[in-house]
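# Geometric and topological summary
In case you want the letters, here they are:
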Amino acid sequence: MKNTLKNIFHSPRFVVGFIIFVALLLTMIFYPIFNPGDPLERIGVGTFAKPGTYFSMYDATSAKTETFRLADAEENRINALLTGDARTRMIDWMSRHGDDVAGLDPADTGALMEAWGRYYEDVRLSGMTNADRVYFRRLNNSIVNSATAEELLVMEEDPETGDYAQKGTISLTDYVNTKDVANVKTLPLGTDNFGRDTLRELVSAAGVSLRVGLIAGIVATLIGLSLGLLAGYLGGVADDIIMFITNIFTVIPSFVLLILISYSISQEARGASLVAVVIGFTGWTWTCRSVRSQVISLRNRDHVNLSKLSGHSMVRIVLTDILPYIASYVVMAFILQVSAGILSEAQLSMLGLGPKTTETPTLGLMMNWAMLYSAHTNGSWWAYFPVILTITLISFSLNLMNTGLDQVFNPTLRD
Amino acid sequence: MKGYKKYFGKKILWFVLTLIVAVILNFILPRLMPSDPVASITAKVAEGVTDAAAVQAIYERYAEEFGINKSLFEQFFIFVGNALRGNLGTSFSQYPRTVNNIIATALPWSLALQFPAIIVGWFLGNILGAVAAYVRKGWDKVVLPIAIFINNIPAFGLAVILLVIFAVNLKIAPVSGGYSFDMIPNFSWPFIKSVISHYQLPFWSQVLITIGGQAIGMRSMSIYELNADYVKYSRFLGIKDGKIVGYVFRNAMLPQITGLALSIGTMLSGGLVAEIIFSYPGLGTVLYSAVTSADYPLISATTLIITIMVLLVTLFLDVIYGFIDPRVKAAQFDA
Amino acid sequence: MGKAMLEVKNLKTKYVTRFHEDVYSVDGVSLVIEEGRSLGVAGESGCGKSTLALSMMGYYFPPLHYMSGDILIDGNNISGLAPDTVRKTILGSEIAYIPQAAMNALNPTAKIIRFVEDVIHAHDPKKTKAEIREMAEERFAILGLPKMVLDKHAVELSGGMKQRTVIAISTILSPKVLIADEPSSALDVTSQKIVIKLMRELMEKGYIRSMMFITHELPLLYNVTDDIAVMYAGQLVEVGTAKEMVFDPIHPYSHGLMGSILVPEEGTRGTNLTAIPGTPPNLKRPPAGCRFAERCKYAKPECFFAAPPEKKFEGHRMYRCIFGVDELRDIYKKEAEQQ
């Protein structure tokens, strides 16, 4: 036993898989301690806030300021204003206007600003809509303002009189330390379509998905193992009946069966655990087949015959003379079942047949939400990419562990 | 050949039994869902009608038409009777379109997408896997872990990533659909061009997925065969390595060919989710809309088509193997 | 003394595990098989006897690696030849091999005749298919195999037929040395006897000129081979004729093994070499002293430090122990009297 464990941890693949898996598991356990709260809580009113650190503008106005004169401040301000899209539109405007823009590099802010300052006038050029004209007017105003502005006024409305009173000014050189701002929120993965903290949701979803995979794996392995043991050990009619059922379940695609069963359970009744059980119930067939064929090859070994002659009960023979020999195999099959279970949940959820959406997030549901709200077409990568990566990492680590175990227990594979 | 007769008889009997079970499951399961789709059609049709009796009359007319006022048992035999005559009923959500019509429109799209993709992916994957098994060095340390990682990206994940890179960012392929949405299907050149450009992403995402699975399968199958006892024996008899590699790949290919047939059988269910991502007008998208609108005649029919296809391929394989595989032949001697 | 068909001098090979560890499973083996004689090699599983069989072919591929030593077949040293020369001129035609798992030794998807063609073409590309078929039919008939076997696939044959087919193919080029690695471990006792009879017949008829058996079942060796060598932890510990080895074993290990055979009451125990308590040493790091010392009930402290050399006695016999031959005989005699 000790030697087997040593061998397993000698397999580089198993070790890499194990480390990734444990790292994911530790994240699932410890992250909620640092960022507690309901993963489905809507903290944002809008959708898909970008990843980053947010601080309250209101609180910032009353925080202590420092004055810094930074050489590149103005350039940064203009660069932030001139997005790639704005730059190409500016060049487009100037060429329509009949100006010489050949050789003007859109990335060269100085030259672009210089040309713009020289040519721009508030007119509607041919082929332009009125909205376009307004766009350019606004763009020009902000460019001019950012170059000439000195400070912003902060006003406060008197609730009784409705008069505005000046509360303070913000000058171009005012800086606030984020530590002095009362409310700062870091969202490493932004918010999702419902304004939820994506990272918090993701960590919780990964945990739930892993639980779904584990339950599905346990159910599938238990059914497959017991039917396989029965069929292989008893043989005869019991074997025929079990194999008939197994064949039917093999031929009807398990995903189709999964769709049908999940559909027949209404959305309200579909909890994550129930979905997991259904996944396990449709995925046991190959475990059953392989356990059966292994048991058949073990059934007539000397030590089993000896036990039979000694009058040991069937349960005892199966537990002591057969199970230990197929244990390593069953463990490997279980690992694959867990990985398949996680994937099945994700696919079901993509079809809108996953667990109910009001209780807990799962990786599949997050993916489904992201797709429904077009996160992939509007550039909100943080809503779907980390989900794909998490699923991939979980199944990658499980598969690595599985092939690592295979190397140790099936030396003929020698890879 | 008495052995063959018995063998094929057994296979066909088994096929029929499985088909019956599959039809029952396909019929019963969607209908267990506690919802009343007829009520929603009635609501749509009777919009603005205030007279409760009139609404009730409309409801009953539809209930009669869909046969949902009969017992589930009666409904089943009507369903089977109709299905045998090739009539799969009327869709709830796309009323008055028939299920046959919807499936007949969607099925060619799915087949035309999946079949070539699986064939191309299968060939590329097997070549890659065989080379990998033979070369081993270098590949095993670096390329294999990367290949396993890519292979573990779920199919829908890969579809989304391709979509974002090529359609959204690089804008060299359309984002969704089977053809430009402002077109009506016809045999004109612009339409065909539009179909081809919409075809690329779903096609290549399926090809990539197939390559991954096949290459890794072929590699481990070949390595398994390379370590088989007959390889060692052949070597010690002085047979050339090139010839032995020939034995090995032939033997490794046999299960891969079964794999190809099986993936052709399961191609419809395998591509469901990717089709939804690309809003490709195939069965996946049909099933998705059927699920979201509780359209169980359509759900039954779609899943039934997918199941029958797998059943047919399995039967076909059993028959072919009965003829070509010496191992099956040998089993007939024993029986 | 007959002409030496196979002579192995101080052969050392190792194999490399998946975890890149070296296992020195053949660590300085020397032996001679003369024309018309058979040698049996016995040892516990893991003692290196199967690796010895493979190492003597002179053809190495991973995980097995050649380290040093000579292999002479009919006087010609093959250990320095290029692998491709060995393949073309030695394997199958000079020295042939019957693998442990005869059941899986044949390519499952090719007809037997195709495989025979490939074997013969590897050595003589000019032979026509008709000639090969004629040759194969003749040789198969000697082994009692019907002609139709040639046109069958391996999976269509019964276990006994497969075993004979493998013997027929291995000996089809009339090799000078035939090495059989537990040729019968997968068969029942009756089939085992038939296989051994067939191999002896082949030698008597002159199709093969010497042979070597490798097994862990001692009674089998006693009945069929002229000489017996006992292998322990990568080395031969004793060599002698079958009669000498059974009635007068010298090395404490062989004595432990053979002694148990001759006691009928303990017959069931004697069929298995693991009857001696303890486990053999790890061949990744062979011990510095005598390899058997840990399990030897006569071991003295120096046994653990100094490796005993091979010692010749009575002309042809060899053993590897620090005790003298008479010293050991006395010990065994006293033990027998005490019982």
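Bear in mind the structure is a predicted one, so any value in this text is a computation, not a measurement.

### Overview of the overall build of chain B
Looking only at helices and strands, chain B features 15 helices and zero strands. Relative to its full complement of 335 residues, chain B shows a buried share of 47%. Contacts in chain B between residues at least 24 apart in sequence constitute 72% of all its contacts with a sequence separation of at least 6.

### As for the pairing of strand S10 (residues 235–241) of chain C
Residue and element names in this part refer to chain C. Burial of S10 is extensive: seven of the seven residues sit out of reach of the surface. As consecutive antiparallel partners, strand S9 (residues 227–232) and S10 are separated by two residues, and within that stretch Ala233 has a phi angle of approximately 50°, a positive value. As paired elements, S10 and strand S12 (residues 317–320) share two bridges and run antiparallel to each other. Along S12, the bridge assignment pairs Val239 with Met318.

### Concerning a negative patch on the surface
Residues and elements named next belong to chain A. A cluster of acidic residues, Glu156, Glu157, Asp158, Glu160 and Asp163, forms a negative patch at the surface. Examined against the element boundaries, Glu160 turns out to sit in the loop between strand S3 (151–157) and strand S4 (164–171). Here Glu160 falls in the exposed class, since its relative accessible area comes to 78%.

### Looking at the packing of helix H10 (residues 254–264) of chain A against helix H14 (residues 314–350) of chain A
Residue and element names in this part refer to chain A. Viewed as axis vectors pointing N to C, H10 and H14 meet at an angle of 55°, and their least axial separation amounts to 11 Å. One way to sum up the angle between H10 and H14 is to call them oblique. Like other packed secondary-structure pairs, H10 and H14 cross with a definite hand, here right-handed. Contacts between H10 and H14 pair Phe255, Leu258, Ile259 and Ser262 from the former with Ser344, Gln347 and Leu348 from the latter. Class assignment of the residues belonging to the contact of H10 with H14 gives a composition of four nonpolar, three polar and no charged.

### Digging into the side chain of Asn402 of chain A
Relative to the assigned elements, Asn402 of chain A resides in helix H16 (residues 381–409). Contact partners of Asn402 of chain A, with chain neighbours within four places excluded, come to Met332, Ile335 and Leu336 of chain A.

### Brief notes about the sheet that holds strand S2 (residues 22–34) of chain C
Residue and element names in this part refer to chain C. In spatial order, the strands read S2-S1-S4-S5; together these four strands make up an open sheet with antiparallel pairing. Only two strands of the sheet have a single neighbouring strand rather than two, namely S2 and strand S5 (76–77). Summarising the sheet, strand S1 (residues 4–16) and strand S4 (residues 64–73) pair through eight bridges and their orientation is antiparallel. Bridge assignment links Tyr15 to a residue of S4, and that residue is Leu64.

### Structural notes on the packing of helix H12 (residues 285–299) of chain A against H14 of chain A
Relative placement of two packed helices is described by the angle separating their axes and the distance separating the axes. All names here are of chain A. Contact geometry of H12 with H14 gives a least axis separation of 11 Å together with a crossing angle of 165°. The orientation of H12 relative to H14 falls into the category roughly antiparallel. Judged by the sense of rotation from one axis to the other, the crossing of H12 with H14 is right-handed. Contacts from Trp286, Thr287, Ser290, Val291, Gln294, Val295 and Leu298 of H12 reach H14 at Ile322, Tyr325, Ile326, Tyr329, Val330, Ala333, Leu336 and Gln337. Of the residues in the contact of H12 with H14, the class split is eleven nonpolar, four polar and no charged.

### Points about the interface of chain C and chain B
On the side of chain B, 21 residues touch chain C, which itself brings 27 residues to the contact. Interface area, chain C with chain B, both sides summed: about 2,400 Å², of which 66% is carbon and sulfur. Run the count over chain C and chain B and you get one salt bridge. As a salt-bridge pair, Lys243 of chain B and Asp118 of chain C come within 3.4 Å of each other at their nearest N and O atoms. At the surface where chain C touches chain B, the tally comes to seven residue pairs in polar contact (both at pLDDT 80 or more). Contributing elements (two or more residues each) for the side of chain C that touches chain B: helix H3 (112–123) and helix H5 (159–170) of chain C. Here the side of chain C that touches chain B takes five residues from H3 of chain C, the largest share from any one element. For the side of chain C that touches chain B, a count of residues per class yields 17 nonpolar, seven polar and three charged.

The rules we used
- Residues numbered from 1 in each chain as written.
- Chains lettered and ligands numbered in written order.
- Predicted model: local features only at pLDDT ≥ 70, side-chain atom pairs only at ≥ 80, totals over all residues.
- Heavy atoms only, no water.
- Helix = DSSP H or I, 4+ residues; strand = E, 2+ residues; numbered from the N terminus.
- Buried < 20%, exposed > 50% of the residue type's maximum accessible area, 1.4 Å probe, protein only.
- Contact = heavy atoms within 4.5 Å.
- Pairing = 2+ DSSP bridges.
- Patch = residues over 30% accessible without salt bridge, like charges linked within 9 Å, V, L, I, M, F, W, Y side chains within 5 Å.
- Areas by Shrake-Rupley, 256 points an atom, 1.4 Å probe, with all protein chains shown as cover.
- Salt bridge = Lys/Arg side-chain N within 4 Å of Asp/Glu carboxyl O.
- Lys, Arg positive; Asp, Glu negative; His and termini not counted.
- Charge placed at Lys NZ, Arg CZ, Asp CG, Glu CD.
- Axes fitted to C-alpha atoms, helices over the stretch in contact; angles between N-to-C directions.
- Parallel < 35°, antiparallel > 145°, perpendicular 65-115°, else oblique.
- Left-handed = near helix turned anticlockwise from the far one by under 90°.
- Nonpolar A, V, L, I, M, F, W, Y, C, P; charged D, E, K, R; others polar.
- Buried area = accessible area lost by both parts, 1.4 Å probe.
- Polar contact = N/O pair within 3.5 Å; in protein donor to acceptor, adjacent residues only side chain to side chain.

Coordinates in, geometry out; function isn't part of it.
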